[in-house]
Amino acid sequence: MDSMGITLSSVRWGPFLSGMILTILSGCLNLEDTRLHSDTGQKTTIRESGSLRGLPGPIHSSLMNEADRYNPTAKMPKACTKNVCELTLEKVIELALERNISLLNRRLDRETDKLSLEIAENRYTPKFTVSTNANRTRNDTSASASLQTTVDVPTGGSVNFTVQETNRGGSQSLTFRQHLLKGAGIDISRGSLDRARLSEQRKMIGFRRSVADLVVQVIGAYRSLAGAIRQAEISKISLDRAYEQLKATQALIRAGRVAERETVRSEAAIANGELSFVRAQNTLESAQYNLIDILELESDTIIRPLEELKAVQRASVLTPTFEDVLQNRSDYLQALIGIETAKIELTRARNNMLPDLALDVGLRRNEPQKPEPTLGLSASVPLSNKRERRLELMTARNALLKEERNIAELRESIRVELRQAVNDVEVNFRLTELARDARDLAEQNLETEQGKFEQGLTSSSDVATSEQELVRSEQAQADAIVAYLGALTKLDTVTGQTLERWGIQVDTVSQ
């Protein structure tokens, strides 16, 4: 900057200004970008400024490279044959990241967020304004053109360079205004830029949280579907056993070994089994539709989970430190950003309490005269809005206090949530073991009762009771496994490790 200077000479500025105007206009008109219109499928030419060309690509994860161009109704996933999709949990998560409309819309918002930050980052870049004017009366004709350049500086000042040409002459001026009280200082000058950067960080964290929430939603829907399939299988097997029991009862009646009334009891067991099976089928259909809705698939799609429900104790379930958890939690990071934003607002509110005092230094030349230096000092003291400024200061101060109290409360809430999540994992795994043992005993008891019934030592009612106990224990085991897996997912959510657990890398915005 020290080696640069501006010299106002006696050279006429008309040709120079005209050339500059043409250069600027031609630069703005020759940038084209042909894009595909999403509704009509036709190509539409969109003109945009050169600054757009340097933007980074859309926010994406390793599983989301084509999400911004994907049309959910265009084709079925490769893993699907006709309308049947056999999917692993990882594949379902991948499809959700590619097809979920809500997430795709959030990714569009990220594009505008990045452009907003770029605009804020240009706070201290020169701003050019070109204006022309022409008037004609009966006795006179006048024409003028001007170019004004303004540059804000981090100290709270601004530099203004203006060149004006008319058919009667021209003028040039170079001025520098520095605020001394209100609006002065680097913290005040950079306040809007700092707020924009913090806002971008908050939005980026919010986007990561949306991705994590979608992953958790997909995991829950997938496991609910797997659990519903297991419950339907249990009901179907139980119904088949009830039919086999009826056949065995009828055979024993014909042999005269049991009373004929045992048939009614067996038929009642079949009726109850059919009722349970229909209910299980309805639950299965609901789970199918829920997952289909998340994946934006056709309504007649059938999803078959490839992963069995297993309660395997996770070897890497190591509780991270509390501070590590805080650094991974989206809500805590957003709360920290809220505090920093509130501090900026409080600084601005305090500065607004000061009078406006500015120093003006400049150099002006009206052709053909010589350049004349100018020096001025201006002051503005509002007399009627003192209460409004006090209200602004009080609001900013209270907002900071609220943010600090909220984050203190959030820390304790996270601490309790973490302990509860760890405890739930341990307890639910123990419950899966107990449920497995209970199912094994119920199965052995049913086999015993069936053997006694064949020998005429017990009734079909006792067999039906043992059958119901086995069904309940099998259903309880399936529910316990789903609950345990859900507890693991909850622990990942509480510790903020959902994306890391599934290897999803969400890129940050390039600064």
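Residues numbered from 1 in each chain as written. Predicted model: local features only at pLDDT ≥ 70, side-chain atom pairs only at ≥ 80, totals over all residues. Heavy atoms only, no water.

### Focus: the overall build of the protein
To be explicit about the condition: To qualify as a helix, a DSSP run of H or I must reach at least 4 residues; to qualify as a strand, a run of E must reach at least 2; elements of each kind are numbered from the N terminus. Whether a residue is buried, partly exposed or exposed follows from its accessible area with a 1.4 Å probe, protein chains only, as a fraction of its type maximum: under 20%, in between, or over 50%, in that order. We get accessible surface area from the Shrake-Rupley algorithm with a probe of 1.4 Å; when it comes to residues, only the shown protein chains can shield them.
Of regular secondary structure, the protein possesses 11 helices and 11 strands. For the protein, with 511 residues in total, the buried portion stands at 35%. As displayed, the protein offers around 30,100 Å² of accessible surface, 52% of which is attributable to carbon and sulfur atoms.

### Focus: the sheet that holds strand β11 (residues 372–380)
Applied cut-off: We call two strands paired when DSSP finds no fewer than two bridges between them. Interaxial angles span 0 to 180 degrees and are taken between N-to-C directions of axes, which are lines fitted to C-alpha atoms, for helices over the stretch in contact.
The sheet built from six strands is open, its strands ordered β5-β6-β7-β8-β10-β11 with antiparallel pairing. Since the sheet does not close on itself, it has two edges, and those belong to β5 (127–136) and β11, each with one partner. The mean inter-strand angle of the sheet, taken between neighbouring strand axes irrespective of direction, is 15°. Where strand β7 (residues 157–166) and strand β8 (residues 169–179) come together, 10 bridges link them in antiparallel fashion. Directly across from V159, in β8, lies its bridge partner F176.

### Concerning unusual backbone geometry
Unlike most non-glycine residues, E296 shows phi in positive territory, near 60°. One can find E296 in the loop between α6 (262–295) and β9 (302–305). The exposure class of E296 is partly exposed, given its relative accessible area of 27%.

### Considering the packing of aromatic side chains
Stated precisely, the cut-off is as follows: Ring geometry is summarised as follows: Phe, Tyr and Trp rings, the Trp one being its six-membered ring, pair when their centres sit within 6.5 Å, and such pairs are stacked at plane angles under 30 degrees, edge-to-face over 60 and tilted between the two. Put simply, a charge is over a ring when the Lys NZ or the Arg CZ is close to the ring centre, within 6 Å, and near the line of the ring normal, within 35 degrees.
The full count for this structure, using the stated rule, is one aromatic pair. Ring centres of F429 and Y484 lie 5.3 Å apart, and the angle between their planes is 55°; on these two criteria the pair is classed as tilted. Highlighted residues: F429 in helix α9 (residues 386–454) and Y484 in helix α10 (residues 460–495), separated in sequence by 55 residues. Residue F429 is classed as buried on the basis of its relative accessible area, which comes to 15%. Seen from the ring of F322, R415 lies directly overhead, with NZ or CZ sitting 4.1 Å from the centre.

### Thoughts on the confidence of the model for the protein
Filter applied, for reference: A score from 0 to 100, pLDDT tells how confident the predictor is in each residue. The contact criterion used is simple: two residues touch if any of their non-hydrogen atoms lie within 4.5 Å.
For the protein, the mean per-residue pLDDT works out to 81, and 83% of the residues sit at or above 70. Confidence, expressed as mean pLDDT per element, reaches its minimum in the protein at strand β2 (residues 43–47) with 30 and its maximum at helix α8 (residues 330–352) with 94. Low confidence marks residues 1–70, where pLDDT is under 50. Its contacts with residues over four positions away, or in another chain, come to 107 contacts.

### Concerning the pattern of salt bridges
Here is the rule we go by: The term salt bridge refers to a pairing of a side-chain nitrogen on Lys or Arg with a carboxyl oxygen on Asp or Glu at a separation within 4 Å.
Taken as a whole and assessed by the stated rule, the structure comprises 26 salt bridges. With a shortest N-O distance of 3.8 Å, E86 and R304 are connected by a salt bridge. Pair noted here: E86 is in strand β4 (residues 84–87) and R304 is in strand β9, with a separation of 218 residues, a long-range link. For R304, a relative accessible area of 43% translates into the label partly exposed. A salt bridge links R241 to E467; its shortest N-O distance comes to 2.8 Å.

### Re the sheet that holds β4
The three strands lie next to each other as β3-β4-β9, forming an open sheet whose pairing is mixed. With one partner strand each, in any of the chains shown, β3 (80–81) and β9 form the two edges of the open sheet. Direction of pairing for β3 relative to β4: antiparallel, over a ladder of two bridges. Note on β4: the bridge partner recorded for T81 is V84. Sheet strands touched by helix α5 (residues 191–254): β4 and β9. Its angle to β9, the strand with the most contacts, is close to 85°.

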